[in-house]
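Chain by chain, the residues:
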Amino acid sequence: LLVLPLVSFVAVGAVAPEFHLDRYEYTAGEGFVPCSPAARGPREPGVTHLAAFYLRFAGGLLVGQPGRSRDSADRPLTRLLVARGLPSAGILAVALLCSVAGAGLGVSLGMSRRRRRRRWLDGPLALLGCVAEGAPLPFVAMIAFVAVVRLAPRGGVLESEAAMILWAGLALALGDAVLTGVFREARDETRRVQTRPFALAARLRGESALSVLLPNLLPLIGS
């Protein structure tokens, strides 16, 4: 957590153009804050200077002195990072909810005794399944973006910030066979566990199938 970011910071700072530490000054009780660069012009920071800058910043961050960024000099860096991270957290929450719903649907279908399907559906369902499981995340995200741009009314609800988080979360869940994989594994594991001796014995004792299956399914589906 400390060494790898330090090495990355020093490596990038040693080769990146216009990576000037003189644009920040250390203020007691606040940390590094933006300032006007020196009149003599920027100077190339050395490896020691870069490492000392990062270690001092990391120490200030640990004691509640994160400093401020040039991108948002009116608020602490932690507030800026929280504001930037909330959309990503929302996208992840949508994707997780979709996965949980897919697992629940898989368990429900796995417990259903109606397993016969119509033959004319086998071909289309198999084709849709291959297409859904073969779509990588960048492709799904591109399709979602094109659909929103082409179909959503300009400036409407479907183009709001909340809607964009929803579309991105759905793309994250559908890409790379995440949702379909969770659904299929939950369904197949439910059917498999129902044939185990302990499940059959519980059924003979009159216990509900869900109360017996759920404790054994949760670790498998969770993984």
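Okay, so let's go over this structure. The shown structure was predicted, so the numbers you read here are calculated from the model rather than taken from an experiment. (Residues numbered from 1 in each chain as written. Predicted model: local features only at pLDDT ≥ 70, side-chain atom pairs only at ≥ 80, totals over all residues. Heavy atoms only, no water.)

Here the focus is the pairing of strand E2 (residues 31-34). Regular strands place side chains that alternate from one sheet face to the opposite one. Note that strand E1 (residues 24-27) and E2 share four bridges and pair antiparallel. When the sheet's bridge partners are listed, Tyr 24 is paired in E2 with Pro 34. The antiparallel pairing of E1 with E2 creates a hairpin that spans three residues between the two strands, and Gly 29 there sits at a positive phi of about 85°. (Pairing = 2+ DSSP bridges. Helix = DSSP H or I, 4+ residues; strand = E, 2+ residues; numbered from the N terminus.)

All right, on to the packing of helix H3 (residues 77-111) against helix H6 (residues 161-174) then. The geometry of H3 relative to H6 is characterised by a closest axis approach of 8 Å and an angle of 50° between their N-to-C directions. What the angle tells us is that H3 and H6 run oblique. Remark: the crossing between H3 and H6 carries right-handed chirality. Two secondary-structure elements touch here, H3 through Pro 87, Gly 90, Ile 91, Leu 92, Val 94, Ala 95 and Cys 98 and H6 through Ile 165, Leu 166, Ala 168, Gly 169, Leu 170, Leu 172 and Ala 173. Each residue belonging to the contact of H3 with H6 can be placed in one class, and the counts come to 12 nonpolar, two polar and no charged. (Axes fitted to C-alpha atoms, helices over the stretch in contact; angles between N-to-C directions. Parallel < 35°, antiparallel > 145°, perpendicular 65-115°, else oblique. Left-handed = near helix turned anticlockwise from the far one by under 90°. Contact = heavy atoms within 4.5 Å. Nonpolar A, V, L, I, M, F, W, Y, C, P; charged D, E, K, R; others polar.)

Moving on: the side chain of Ser 99. Tracing the backbone through its elements, the reader meets Ser 99 in helix H3. A residue is classified by how much of its surface remains accessible, and Ser 99, at 14% relative accessible area, is buried. (Buried < 20%, exposed > 50% of the residue type's maximum accessible area, 1.4 Å probe, protein only.)

Moving on, we get to empty space enclosed by the protein. The tally for this structure, following the rule as stated, stands at two cavities of 30 Å³ or more. The computed volume of the largest cavity comes to approximately 60 Å³. Lining the largest cavity we find Gln 194, Ala 199, Ala 202, Arg 203, Glu 207, Ser 208, Ala 209, Val 212 and Leu 213. (1 Å grid on protein atoms, 1.4 Å probe; cavity = no way out; pocket = protein on both sides within 12 Å on 5 of 7 lines; lining within 4 Å. Points joined across faces, edges and corners; volume = space filled by probe spheres on them.)

Using the criterion set out here, one finds five salt bridges in the structure. Here Arg 187 makes a salt bridge to Asp 188, at a shortest N to O gap of 3.2 Å. The salt bridge partner of Glu 207 is Arg 205, with a shortest N-O separation of 3.0 Å. Given a relative accessible area of 37%, Glu 207 falls into the partly exposed group. Here Arg 205 falls in the exposed class, since its relative accessible area comes to 57%. (Salt bridge = Lys/Arg side-chain N within 4 Å of Asp/Glu carboxyl O.)

Using the criterion set out here, one finds six aromatic pairs in the structure. Seen from their ring centres, Phe 9 and Phe 53 are 6.0 Å apart, and the 5° between their planes marks the pair as stacked. With a gap of 44 residues between them, Phe 9 in helix H1 (residues 3-15) and Phe 53 in helix H2 (residues 47-62) connect regions that are remote in the sequence. Here Phe 9 falls in the buried class, since its relative accessible area comes to 19%. (Phe/Tyr/Trp six-rings, centres within 6.5 Å; stacked < 30°, edge-to-face > 60°.)

Structurally, the position occupied by Thr 190 is in helix H7 (residues 178-194). Residues within four places of Thr 190 in sequence aside, it is in contact with Gly 106, Val 107, Gly 110, Met 111, Leu 213 and Leu 217.

This brings us to the nonpolar core. Within the largest apolar cluster, 10 residues are counted, these being Leu 6, Phe 9, Val 10, Leu 21, Phe 32, Leu 50, Ala 51, Phe 53, Tyr 54 and Ala 58. Only H1 and H2 provide two or more residues apiece to this core. Counting residues per element, this core draws most heavily on H2, which supplies five residues. Apart from the residues within four sequence positions on either side, Tyr 54 is in contact with Leu 2, Pro 5, Leu 6 and Phe 9. Counting seven residues, the second-largest nonpolar core is a separate cluster that includes Val 107, Ala 186, Val 193 and Ala 199. (Core = buried A, V, L, I, M, F, W, Y, C linked by side-chain atoms within 4.5 Å.)

Where helix H8 (residues 197-204) meets helix H9 (residues 209-222), the closest approach of the two axes is 9 Å, and the angle between their N-to-C directions is 160°. The orientation of H8 relative to H9 falls into the category roughly antiparallel. Note on packing geometry: the crossing formed by H8 with H9 is right-handed. Across the interface between the two elements, Phe 198, Ala 199 and Ala 202 from H8 touch Val 212, Leu 213 and Asn 216 from H9. In the contact of H8 with H9, the residues fall into five nonpolar, one polar and no charged.

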